[in-house]
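Geometric and topological summary
If you want the building blocks of each chain, they are given just below.
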Amino acid sequence: MDRGEAEAGEAVLVADARGAALGTAHYSSTSQISLRMLSDRPENIDRAFFLRRIAQAEAYRKRVVAGSEAYRLVHGEADQLPGLVIDRYGDYFTIQTLDQGMDRAKPDILSCLGELFAPRGIVERNDVAVRKREALALESGVLAGHVPEMVAVEMNGLKLQADLLHGQKTGIFLDQRENYLAAARYARGRALDCFTSTGGFALHLANRLESVEAVDSSETALRAARLNLDANGIANVELREADVFDLLVGYASARRRFDMVVLDPPAFAKARQNMEAAVRGYREINRRALELLPTGGTLVTCSCSHHLSEAMLLEIVASASLDTGKKLRVVERCMQSRDHPVLLTVPETHYLKCLILEVI
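Below you will find a few notes about this structure. Sequence order as written defines the numbering, with residues in each chain counted from 1. Per-residue local features of the predicted model are confined to residues with pLDDT of at least 70, and side-chain atom pairs are confined, for both listing and counting, to 80 or more; whole-chain, interface and lining totals are unaffected and use all residues. Side-chain descriptors were evaluated using all non-hydrogen atoms of the structure, hydrogens and water having been removed beforehand.

Glancing now at the overall build of the protein chain. The secondary structure content of the protein chain amounts to 9 helices and 17 strands. Atoms considered for the radius of gyration are the C-alpha atoms alone. The globule rule reads 2.2 Å times the number of residues to the power 0.38. Its C-alpha atoms give the protein chain a radius of gyration of 22 Å, near enough to 21 Å, the size a compact globule of 360 residues would have. Its C-alpha atoms give the protein chain principal-axis dimensions of roughly 65 × 45 × 35 Å. In the protein chain, which comprises 360 residues, the share counted as buried stands at 54%. Helix and strand assignments come from DSSP, with helices taken as H or I runs of at least 4 residues and strands as E runs of at least 2, each series counted from the N terminus. With a 1.4 Å probe rolled over the protein chains alone, any residue whose accessible area is under 20% of its type maximum counts as buried; one over 50% counts as exposed, and the rest are partly exposed.

Let us now look at the sheet that holds strand 15 (residues 298-303). Ordered by their spatial adjacency, 7 strands build an open sheet running 13-12-11-14-15-17-16, and the pairing between neighbours is mixed. Edge strands, defined here as strands with exactly one partner in the open sheet, are strand 13 (237-241) and strand 16 (328-335). Adjacent strand axes in the sheet meet at a mean angle of 15° when their direction is disregarded. Only strands that DSSP links by at least two bridges are regarded as paired with each other. One ladder, built from 5 bridges, connects strand 11 (residues 190-194) with strand 12 (residues 211-216); its direction is parallel. Residue Cys-194 lies in a different strand from strand 12, and its bridge partner there is Val-215. When checking whether two residues touch, look at their non-hydrogen atoms; a contact exists if any pair is within 4.5 Å. Here the axes come from fitting lines to C-alpha atoms, over the contacting stretch only for helices, and the angles between their N-to-C directions go from 0 to 180 degrees. The sheet contacts of helix 7 (residues 244-253) involve strand 11, strand 12, strand 13 and strand 14 (260-263), and relative to strand 11 the element is tilted by about 150°.

This paragraph deals with the state of the cysteines. The disulfide criterion used throughout: a pair of cysteine sulfur atoms within 2.5 Å. Inspection of the entire model under this criterion finds 0 disulfides. Distance from the sulfur of Cys-334, which forms no disulfide, to the nearest cysteine sulfur (Cys-354) is 4.8 Å.

Looking now at the environment of Asp-175. Inspection of the secondary structure assignment puts Asp-175 in the loop between strand 10 (158-162) and helix 4 (177-184). Placed 165 residues apart in sequence, Asp-175 and His-340 show a C-alpha to C-alpha distance of 6.5 Å. For Asp-175, the contacting residues outside a window of four places in its chain are Lys-169, Met-335, Gln-336, Ser-337, His-340, Tyr-351 and Leu-352. The definition of a polar contact used here is a pair of N or O atoms within 3.5 Å, where within protein one atom must be able to donate a hydrogen and the other to accept one, and adjacent residues in sequence count solely through side-chain atom pairs. Side chain to side chain, Asp-175 and Lys-169 meet in a polar contact 2.6 Å long.

Bringing the packing of aromatic side chains into the picture now. Classification of ring pairs uses Phe, Tyr and Trp, with its six-membered ring standing for Trp, and accepts pairs whose centres are within 6.5 Å; under 30 degrees between planes counts as stacked, over 60 as edge-to-face, and the remaining range as tilted. Taken as a whole, this structure holds 6 aromatic pairs when the rule is applied. Seen in terms of ring centroids, Tyr-180 and Phe-201 are 4.7 Å apart; in terms of plane orientation they differ by 90°. Their pairing is edge-to-face. Linking Tyr-180 in helix 4 with Phe-201 in helix 5 (residues 200-205), this pair joins segments that are 21 residues apart in sequence. With a centroid separation of 6.0 Å and an interplanar angle of 35°, the aromatic rings of Phe-245 and Phe-268 are classed as tilted.

As a further point, take unusual backbone geometry. Look at Asn-156: it is not a glycine, yet its phi comes out positive at around 55°. Unusually for a residue other than glycine, Phe-195 sits at a positive phi of about 60°. Turning to its location among the elements, Phe-195 is positioned in the loop between strand 11 and helix 5.

Nonpolar side chains in soluble globular proteins tend to be buried together. Put simply, a nonpolar core is a bunch of buried Ala, Val, Leu, Ile, Met, Phe, Trp, Tyr and Cys residues held in one set by side-chain atoms that sit within 4.5 Å of each other. Formed by 39 residues in total, the largest nonpolar core has its most connected members in Tyr-89, Leu-164, Ile-172, Phe-201, Leu-205, Val-237 and Val-300. The set of elements that each furnish at least two residues to this core consists of strand 9 (151-155), strand 10, helix 4, helix 5, strand 12, strand 14, strand 15 and strand 17 (353-359). Of all hydrophobic cores here, the second largest spans 31 residues; its members include Cys-194, Ala-242, Ala-278 and Leu-292.

Looking now at the pairing of strand 13. On a regular strand, one side chain projects to one face of the sheet and the next to the other, so that they alternate. Pairing analysis gives 5 bridges linking strand 12 to strand 13, with the strands arranged parallel. Note that in strand 13 the partner of Val-212 across the bridge is Val-237. A crossover counts as right-handed when, viewed with the strands pointing away from the observer, the path leading from the first strand over the helix to the second turns clockwise. Regarding the hand of the β-α-β motif, the stretch spanning strand 12, helix 6 (residues 219-231) and strand 13 is right-handed.

Here we come to the pattern of salt bridges. Only one rule defines a salt bridge in this text: a Lys or Arg side-chain nitrogen within 4 Å of an Asp or Glu carboxyl oxygen. Counting across every chain of the model gives 34 salt bridges. The partner of Glu-291 in a salt bridge is Arg-288, and the shortest N-O contact between them spans 3.4 Å. On the criterion of helical spacing, the pair formed by Glu-291 and Arg-288 is a turn pair, its members being 3 residues apart in helix 8 (residues 275-291). When its relative accessible area of 24% is taken as the criterion, Glu-291 is described as partly exposed. The salt bridge involving Glu-358 is made with Arg-329; its shortest N-O contact spans 3.0 Å. Pair noted here: Glu-358 is in strand 17 and Arg-329 is in strand 16, with a separation of 29 residues, a long-range link. With relative accessibility at 42%, the residue Arg-329 sits in the partly exposed group.

A separate point is helix 9 (residues 310-324). One fewer than the residue count of a helix, multiplied by 1.5 Å, yields its expected span. For helix 9, built from 15 residues, the straight-helix expectation of 21 Å at 1.5 Å per residue is met to within 8% by its first-to-last C-alpha distance of 21 Å. Regarding helix 9, the residues found buried are Glu-310, Leu-313, Ile-316, Val-317, Ala-320, Ser-321 and Thr-324. For helix 9, the buried positions fall inside an angular range of 140° around the axis, keeping them on one side. Facing away from the buried side of helix 9, by more than 90 degrees, are the exposed residues Ala-311, Glu-315 and Leu-322. Among the structural elements, helix 8, strand 15, strand 16 and strand 17 are those in contact with the buried residues of helix 9. Residue Gly-325 follows helix 9 closely and has a positive phi angle near 70°. The directions considered for the arc run from the helix axis to the C-beta atoms.

Given below as structure tokens:
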């Protein structure tokens, strides 16, 4: 590739070997992905460009988001803004500029958010490892306005507290919003919510169940879950700090039984070279979870590893079902919520898989 005089993070014209224009891209001087396409034609990548694209992204969210003050406003390539993630929490916004081009364009992006939404505060959560590949510093903090320690939002009829500065992802798992409602449709009896984090599944299941045991290894996450439970007056959820793998083994040995088990682990396969270990991890937790479910029980199992396809997850759960002698019926196959759209030609944008299965 002939880089010419291109500077790190610059918007450049992309041409084929004969000089015919292919479009406009951000150039990265350090990443294995040297070019991230912004347009399929020669175009000025200026403030007006970002204003137009962000406005288009918001128009799409107005069509697909209901019952929530919190949602993803910009989802990278799926909104034709590769390397940019923007989440909205009511009057507050979080942004991630994950490549050199978007980082260089940050002043224009902030200006556009100010014009379109007049936010009370904007946080950057650029504390993610992928920025190291772009030779960018890991940093987080308030970029504009004032942001309280916890931001209150409503989602699916629940009151939630989001820690925009320190919480996992950008405060709340916005990509599971629609899956929370899907799982609740099958809730009955007693449930075990594994890797509960700030309590997303447990909160949505509680009013349909006798009781929920919500487990996570993070004391900080469980404190946030307690705030959310108290804010909604939910008293039938027991929070437990524990290693989920150890807990599942112990509960299986003790022959504990639940009518529903939810598995929403962090990404086990953050890189392709970790796939073998990740598959073992997914198989183990699904096998142990199935040991806790009687006939008629429901398994909700998720993976946010984009390297692990839905077909692979189905195969893993099928293997776990054979190991435990449990026959499973697929009730629903879900993905990330629609404010995290999938671009058909960019498979990495489809990263979250959620299967709802019944033991028959």
